[in-house]
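Next come the chains, spelled out residue by residue.
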Amino acid sequence: DVKVTQSSRYLVKRTGEKVFLECVQDMDHENMFWYRQDPGLGLRLIYFSYDVKMKEKGDIPEGYSVSREKKERFSLILESASTNQTSMYLCASNGKANYGYTFGSGTRLTVV
Amino acid sequence: QKEVEQDPGPLSVPEGAIVSLNCTYSNSAFQYFMWYRQYSRKGPELLMYTYSSGNKEDGRFTAQVDKSSKYISLFIRDSQPSDSATYLCAMSRTNNNDMRFGAGTRLTVKP
């Protein structure tokens, strides 16, 4: 069964901490995405990558960065966590021949 | 105006009811239309996929796309308590990396 795996289900971090969220897919997909999901706002795209070492800003990239050193792994970095980054973070991937995205189970991040 | 509008609900129906979920959109360039189901504390999973206008049926689920009205629907027949979830519509111009999502409609099917 194809999978997108996010390293943590729940995280609690302090304001100002540097936070790493990891995502790994086993489907050899070219495209990988990071979204945050908030009530009433739906899924908002933070960053995506269409190839190793390539990245593109999404709709809300401020305060975030990403890293894609290997095809299967896409990391989201919160440089200095703030309380307004408390959210559910979802990683997704898709390949050129696929329909739709495959999502991970999400990481619920709380910044205190 | 949001690119994709979806009523967040919540929507509560009795078991066996027909459920209708809807989205409207503003970008006429969208060609790929999807519905995702998201259970609590899980990531969204692809439920239905339609290209361009028309209907698509899969078991108890039917997806409809009306590009002239910029309106898409998901119908669930004989709804079950296991259908209780949040349903997100999504659409894109290409089948690649430009998908836009609705905010999701929370559905509860009561036994």
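All of these numbers come straight from a predicted model, not from anything done at the bench.

Draft legend 1. Broad picture of the sheet that holds strand β7 (residues 64–70) of chain A. Residues and elements named next belong to chain A. The four strands lie next to each other as β1-β3-β8-β7, forming an open sheet whose pairing is antiparallel. Only two strands of the sheet have a single partner each, and these edge strands are β1 (4–6) and β7. Each adjacent strand pair in this sheet contributes to an overall mean axis angle of 20°, direction not counted. Two strands pair when backbone bridges link them, and β1 and strand β3 (residues 19–25) are joined in this way by three bridges, in the antiparallel orientation.

Draft legend 2. Summary view of the state of the cysteines. The tally for this structure, following the rule as stated, stands at two disulfides over all chains. Between cysteine 23 of chain A and cysteine 91 of chain A runs a disulfide, and the two sulfur atoms are separated by 1.9 Å. For the disulfide bridge between cysteine 23 of chain A and cysteine 91 of chain A, the dihedral angle about the S-S bond is near -75°, and by the sign convention the bridge is left-handed. Of this pair, cysteine 23 of chain A sits in strand β3 while cysteine 91 of chain A sits in strand β9 (residues 87–94), and the two are 68 residues apart along the sequence. Each member of the pair cysteine 23 of chain A and cysteine 91 of chain A is classed as buried. Across the disulfide from cysteine 23 of chain B sits cysteine 89 of chain B; the S-S distance is 2.0 Å. A torsion of -100° about the S-S bond marks the disulfide between cysteine 23 of chain B and cysteine 89 of chain B as left-handed.

Draft legend 3. Local environment of the nonpolar core. By size, the foremost hydrophobic cluster in this structure holds 24 residues, and its most contacted members are Trp35, Ile72, Leu74, Tyr87 and Met91 of chain B. Contributions of two or more residues to this core are made by β3 (19–25), β4 (32–38), β5 (45–51), β7 (61–66), β8 (71–76), β9 (85–92) and β11 (105–110) of chain B. The residues touching methionine 91 of chain B, leaving out its near neighbours within four places in the chain, are Val4, Tyr25, Phe30, Tyr32, Phe33, Met34, Ile72, Asp98, Met99 and Arg100 of chain B. Core analysis: the next-biggest nonpolar cluster, separate from the first, contains 21 residues, Leu11, Val19, Ile46 and Phe74 of chain A among them.

Cut-offs used in this document
Residues numbered from 1 in each chain as written. Chains lettered and ligands numbered in written order. Predicted model: local features only at pLDDT ≥ 70, side-chain atom pairs only at ≥ 80, totals over all residues. Heavy atoms only, no water. Pairing = 2+ DSSP bridges. Helix = DSSP H or I, 4+ residues; strand = E, 2+ residues; numbered from the N terminus. Axes fitted to C-alpha atoms, helices over the stretch in contact; angles between N-to-C directions. Disulfide = S-S within 2.5 Å. Buried < 20%, exposed > 50% of the residue type's maximum accessible area, 1.4 Å probe, protein only. Core = buried A, V, L, I, M, F, W, Y, C linked by side-chain atoms within 4.5 Å. Contact = heavy atoms within 4.5 Å.

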